[in-house]
Amino acid sequence: MIKFGLLRRSFCIRASMLTLLVMTLLLSGCQSDLFSSSSKTFVILSGSENKPLEPLVKRIAKESGYDVSFDYKGSIDSMNLLQADSSRYDAVWLASRFWIELGDQSKKVKLTQSIMTSPITFGIQKSKAEELGFVGKDVTIRDILNAVNSHELNFMMTSATQSNSGLSAYLGFLHALLQKDQALTHDDLQNEALRAEVKQLLQGVNRSSGSSGWLKDLFLQGDGSYDAMVNYEAVLIETNQELVKQGKEPLYLVYPTDGLSIADFTLGYIDNGDADKEAFFKKMQENLLSESTQQEIGELGRRTGFGGVVANRNPNVFNSEWGIDLDRNISPIAFPSSDVVLEAMNLYQTALKKPSYTVFALDYSGSMANNGETQLKKAMETILDQEQASKYLLQGSDEDVVVAIPFNNQLIDVWKADHLSDYKSLLEQIENLKADGGTNIYKASIQGLEQMRNVDTSKYNVAIILMTDGMSDGSYDDFAQTYREVGKDIPVFPIMFGDASDEQLNGLVKLTRGKLFDGTSDLISAFKEAKGYN
Amino acid sequence: MKGKQWGTLIGIIILVFVVGIGYLFSRNSDLTSGGKGNITVVGNLGGEKIGLFSDEEIIKILKDRYHITVDWRKAGSIEMVKDYKQGPDFLFPSNQVALELFKNNHAEEIKGSEIIFNSPIVFYTWNRIADALIDQGIARQNNGVNTVDTESLLALVNEGKSWDDIGANKNDPNSKLYGKVTIISTDPSKSNSGNMFAGLYANLISGGVVNDSNIAAALPQIKAFFQNLGYLEPSSGDLFEQYLKTGMGAKPIIVGYENQMIEFAEDNPAVWEQVKDRMRVLYPVPTVWSSHPLIALSDNGKKLIEALKDKEIQELAWKKHGFRSGIVDIQNDVSALGIGNIPETIDSVIAMPTPAIMDQIIQAVQ
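Residues numbered from 1 in each chain as written. Chains lettered and ligands numbered in written order. Predicted model: local features only at pLDDT ≥ 70, side-chain atom pairs only at ≥ 80, totals over all residues. Heavy atoms only, no water.

Trainee: Got a minute to help me understand the overall build of chain A in this structure?
Mentor: Each helix and strand counted, chain A has 24 helices and 17 strands in total. For chain A, the C-alpha radius of gyration of 24 Å lies close to 24 Å, the compact-globule estimate for 534 residues. Surface accessibility of chain A: about 20200 Å² in total, with carbon and sulfur atoms responsible for 47%. Charged side chains of chain A number 51 positive and 71 negative; the gap between the two group centres comes to 3 Å. (Helix = DSSP H or I, 4+ residues; strand = E, 2+ residues; numbered from the N terminus. Rg over C-alpha atoms; globule rule 2.2 N^0.38 Å. Areas by Shrake-Rupley, 256 points an atom, 1.4 Å probe, with all protein chains shown as cover. Lys, Arg positive; Asp, Glu negative; His and termini not counted. Charge placed at Lys NZ, Arg CZ, Asp CG, Glu CD.)

Structure follows, in structure tokens:
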């Protein structure tokens, strides 16, 4: 046990002199490990849709004396994290092996195995699906495009540049509408007619997000106000279980015949040279793939089994009433080569996705001075400077609208950028302003709503990104009143910093079906994440 | 601190020394390789051999009889020679071309090399598709062994025939296969099975082993063929796993090694019972041999070559992992296998193009 604890901390061992090594151990954090018998930690970098499997994994791990924790990130983020520094994690478990392959540039990931599969499909309210004639027949992506064009269907979908499910759906759209039935190429992406059709289809997206798990939560919060959502079959099953529990209409799953993808949920070990961890990983993986655990995973709506024969066919989970037919073949598209995928993602971000209308309400109160102010300005630079933004696939399109509302206890100003060419001066204004005064998040958020009151928001993916660092004056009720008056689905995505009150911010989140982002340890990452939802 | 705690602390300090020294020594293989203690042999191997190198029986023989522990890392056969950096004791790709390519730049580093195993390239498909191909006269069944005319099968793909066209849906109207006939391989620029398939493909569209005189004409078609497949897995193990897990719609026909099915059946008898009537192996006529040369880069690597020639290891490699022996005086016995429909010998084999030609093919598909 002690021997293990030492070997694990190889950075300590590498000290060239053993005496120094002993001193280091005794004086540093390694000391506590020597004296405590606490369990060993094992961190998995994972997609958010694996959350329902966390208890199962923890239970398996406990037998080996390991405390497994999950760090949930989007696929694109995970790929970047693997590229930057995979030593922070012990294992990686993503929706598609593709992202591991792309991220693992230092070749540290091994023992990769698919634990389960799940196709990415459309879940449509059953009455709506019937109305559209989608029940009991083959549906193509063109049928869905037609329904969008005739304003009969809107759907929620994660961002194709942040999340695997959104990207898979988007690639399916390109593939199907091209009607070539071969992998997409660079040339295909230049096809103007194809671009126009996919752009039309994406006009049908009414809410987006950076994560598939959160999209489900949003759908359920919507309480019947959303028609449909693109997600993993497994997540759609979870949604339906919840809807049924609430006595509500479940979603009908539609599997377009020409634009499907299957997620393979590959789990791999990140080899940082710790033999004990590797042995534990093998044991855990073997357990996950054992017949009994595979059955349990099947209970959670994930497909398991071999040769297209699903092992767990529980009809309450894979419910035929919901349009699920396990005997039907799923013929996914040929996934394009990685450089084509990256080009398609850039195309999505800069030209095809529904334009964003983003209001940044930015706290310039006195407490922001120095560190807070510097970080805030850096964060805005990351988003507005297109060269930096493109590193995270967060760059804008020329149709996007960006509004910045700096505030303290008063509104300081309202700055608007209608085109990419305006971003530079917008950023200058943001950078030149100095922090001062008190805090009132409500005034600024109300101004954000006012900004969109007369905008045709069906043409935009809208959001108020509210960054604040302190307890706010002002009244929630005023905001709630304006929100109801404006009567639009405008989410507030607050970013918490410094002494901000999560109670106040959660009030806004709840009312507007937004999401709170924690920027206390890393404000720039929180801004990137929030922008990824819009 | 009380006396007991001091005692513990001193004990810990001693332990730190002992462990630390042991650790430092174990990092330096030169200090241990001369002795009779275990040697750790570090190297890269293709995904298809992971099962063999994880086999407890084989691990034990290597350890007990030869004092060898293998510390391996998975890498594509082409990738491991192209991205080679000094350090490992061996490389274990699954074709001769990889060895030849390695020789081009690193000949002086090779301490020895020898073909340890062989396995033919095969197609894995599903009963419905195999039966449709038999009906079309493209595939045949003889004593349980399925063979397919490679050229005719590739022609279906090149002509853009759909699954409907070849009758793969006629008995299953409610569970249709959508789209065109496709054969999915691994990435020819990274993995051996894909690379060998590209060589086989190039041969067949060139009317024989493709050479300097006709490679230029073949390249555009080879390039288009692989471009149409899109993203391809970098390893044959991963592709075979996906074939099994995502099923017929996703992976209707894949390129693999013969050994993969034998190994899978051996490792997963219960699953094998469930899928054996659904999955089908098609032996291409002609096919290409995948030979597995072990390239030793150090004396320890050479020791591994000798160890792997052990009769018992060779037998286990065939029975449990499906690798036909690369050693001249060892015969493989089909009746020793737990599954049927495996031919005693592979008769129709075409030579791979030369490494220089293969290099051109890799460049084209990259």
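Resuming the write-up.
Trainee: Which parts of the structure should I look at to understand helix α15 (residues 275–289) of chain A?
Mentor: The α-helix advances 3.6 residues per turn, and as a result positions three or four apart in sequence lie on the same side. Residue and element names in this part refer to chain A. Along its 15 residues, α15 runs 21 Å from first to last C-alpha, staying within 8% of the 21 Å computed at 1.5 Å per residue. All of the buried residues in α15 are K277, E278, F280, F281, M284, Q285 and L288. For α15, the angular spread of the buried residues around the axis is 160°, confining them to a single face. Facing away from the buried side of α15 by more than 90 degrees, the exposed set consists of A275, K283 and E286. One side-chain oxygen of the residue at the start of α15 lies 3.1 Å from the amide nitrogen of D276, identifying that residue as D274. (Expected span 1.5 Å × (residues − 1). Buried < 20%, exposed > 50% of the residue type's maximum accessible area, 1.4 Å probe, protein only. Arc of directions from axis to C-beta. Polar contact = N/O pair within 3.5 Å; in protein donor to acceptor, adjacent residues only side chain to side chain.)

Trainee: Got a minute to help me understand the sheet that holds strand β1 (residues 40–46) of chain A in this structure?
Mentor: Sheet strands pair by backbone hydrogen bonding; their relative direction is either parallel or antiparallel. Residue and element names in this part refer to chain A. Pairing in this open sheet of 5 strands is mixed, and the strands run β2-β1-β3-β9-β4 from one edge to the other. Because the sheet does not close on itself, it has two edges, and the strands there are β2 (66–72) and β4 (109–114). With direction set aside, neighbouring strand axes in the sheet form an average angle of 25°. Where β1 and strand β3 (residues 91–94) come together, 3 bridges link them in parallel fashion. Bridge assignment links I44 to a residue of β3, and that residue is A91. Across the sheet, helix α5 (residues 54–62) lies against β1, β2 and β3, angled at about 155° from β2, the strand it touches most. (Pairing = 2+ DSSP bridges. Axes fitted to C-alpha atoms, helices over the stretch in contact; angles between N-to-C directions. Contact = heavy atoms within 4.5 Å.)

Trainee: How do you make sense of the nonpolar core when you look at a structure like this?
Mentor: One finds F42, W93, F155, M157, Y170, L171 and F173 of chain A to be the most contacted residues of the largest nonpolar core, which totals 114 residues. Broken down by element, this core gets its largest block of residues, 9 residues, from helix α10 (residues 164–178) of chain A. In terms of nonpolar packing, the next biggest core, distinct from the first, is built from 90 residues, L99, F102, M196 and I342 of chain B among them. (Core = buried A, V, L, I, M, F, W, Y, C linked by side-chain atoms within 4.5 Å.)

Trainee: Can you walk me through the side chain of D90 of chain A in this structure?
Mentor: Looking at the element boundaries, D90 of chain A is found in the loop between α6 (75–85) and β3. For D90 of chain A, a relative accessible area of 8% translates into the label buried.

Trainee: Can you help me understand the pairing of strand β5 (residues 118–125) of chain A in this one?
Mentor: Strand residues, when the strand is regular, have side chains that alternate between the two faces of the sheet. Residues and elements named next belong to chain A. For β5, the buried fraction is high: 8 of the 8 residues fall into the buried class. Taken together, the 3 bridges between β5 and strand β8 (residues 261–263) define a ladder with antiparallel strand orientation. Residue pairing in the sheet places P119 in a bridge with I262 of β8. Bridge count for β5 against strand β6 (residues 228–232) is 5 bridges, and the pairing is antiparallel. Bridge pairing in β6 links F122 to V230. Bridge count for β5 against strand β7 (residues 251–254) is 4 bridges, and the pairing is antiparallel. When the bridges of β7 are listed, Q125 appears paired with L251.

Trainee: Explanation requested: unusual backbone geometry in the structure shown.
Mentor: Residues and elements named next belong to chain B. Cis geometry marks the peptide bond from V285 to P286, where omega comes out at 0°. The residue P286 is located in the loop between β8 (279–285) and β9 (289–296) in this model. Within the chain, H67 stands out as a residue other than glycine whose phi angle is a positive 60°. Mapped onto the elements of the fold, H67 is located in the loop between α4 (56–66) and β2 (68–74). Of note in the backbone geometry, N143 takes a positive phi value of approximately 50° without being a glycine.

Trainee: Looking at this structure, I do not really get helix α16 (residues 291–299) of chain A. What am I missing?
Mentor: Residues and elements named next belong to chain A. All of the buried residues along α16 are T293, Q294, I297 and G298. Looking straight down α16, one finds that the buried residues subtend no more than 150° of arc, so they occupy a single side. Where α16 is buried, its residues meet α5, α15 and β10 (305–306). Backbone geometry just downstream of α16 places G301 in the positive-phi region, at approximately 85°.

Trainee: Help me out: how do you make sense of the pattern of salt bridges in this one?
Mentor: Charged atoms that come close allow side chains of opposite charge to pair. Evaluation of the coordinates by the stated rule reveals 52 salt bridges over all chains. Ionic pairing is found between R302 of chain A and E238 of chain A, a salt bridge with its closest N-O pair at 2.6 Å. Taken as a pair, R302 of chain A in the loop between α16 and β10 and E238 of chain A in helix α14 (residues 233–245) lie far apart in primary sequence, 64 residues in all. Close ionic contact of E278 of chain A with K282 of chain A constitutes a salt bridge, the shortest N to O distance being 3.7 Å. Note that E278 of chain A and K282 of chain A are positioned in helix α15 at a spacing of 4 residues, about one turn of the helix. E278 of chain A sits in the buried class, given a relative accessible area of 15%. What you see here is one network of salt bridges that share partners, running through R97 of chain A together with K74, E233, D238, E241 and K245 of chain B. (Salt bridge = Lys/Arg side-chain N within 4 Å of Asp/Glu carboxyl O.)

Trainee: It is not clear to me how the sheet that holds strand β17 (residues 517–518) of chain A should be interpreted in this structure. Could you clarify?
Mentor: Residue and element names in this part refer to chain A. The strand order across the open sheet built from 6 strands is β14-β13-β12-β15-β16-β17, with neighbouring strands paired in mixed fashion. Among the strands making up the open sheet, the edge pair consists of β14 (415–417) and β17. One ladder, built from 2 bridges, connects strand β16 (residues 492–496) with β17; its direction is parallel. Of the residues in β17, the one forming a bridge with M496 is D518. Helix α21 (residues 441–453) contacts β12 (356–363), β13 (401–407), β14 and β15 (461–468) of the sheet and is inclined by roughly 165° relative to β15.

Trainee: I keep staring at the side chain of Q285 of chain A and nothing clicks. Help me out?
Mentor: For Q285 of chain A, the location among the structural elements is in helix α15. Apart from the residues within four sequence positions on either side, Q285 of chain A is in contact with L111, T112, Q113, I115 and L267 of chain A.

Trainee: Explain the packing of helix α9 (residues 141–149) of chain A against α10 of chain A to me, please; I cannot follow it from the model alone.
Mentor: A pair of packed helices is captured by two measures, namely the crossing angle of their axes and the spacing between those axes. All names here are of chain A. Close contact between α9 and α10 brings their axes to 9 Å; oriented N to C, the two are set at 105°. As judged from the angle between their axes, α9 and α10 are roughly perpendicular. Between α9 and α10, the residues in contact are I141, R142 and L145 and G172, F173, A176 and L177, respectively. (Parallel < 35°, antiparallel > 145°, perpendicular 65-115°, else oblique.)

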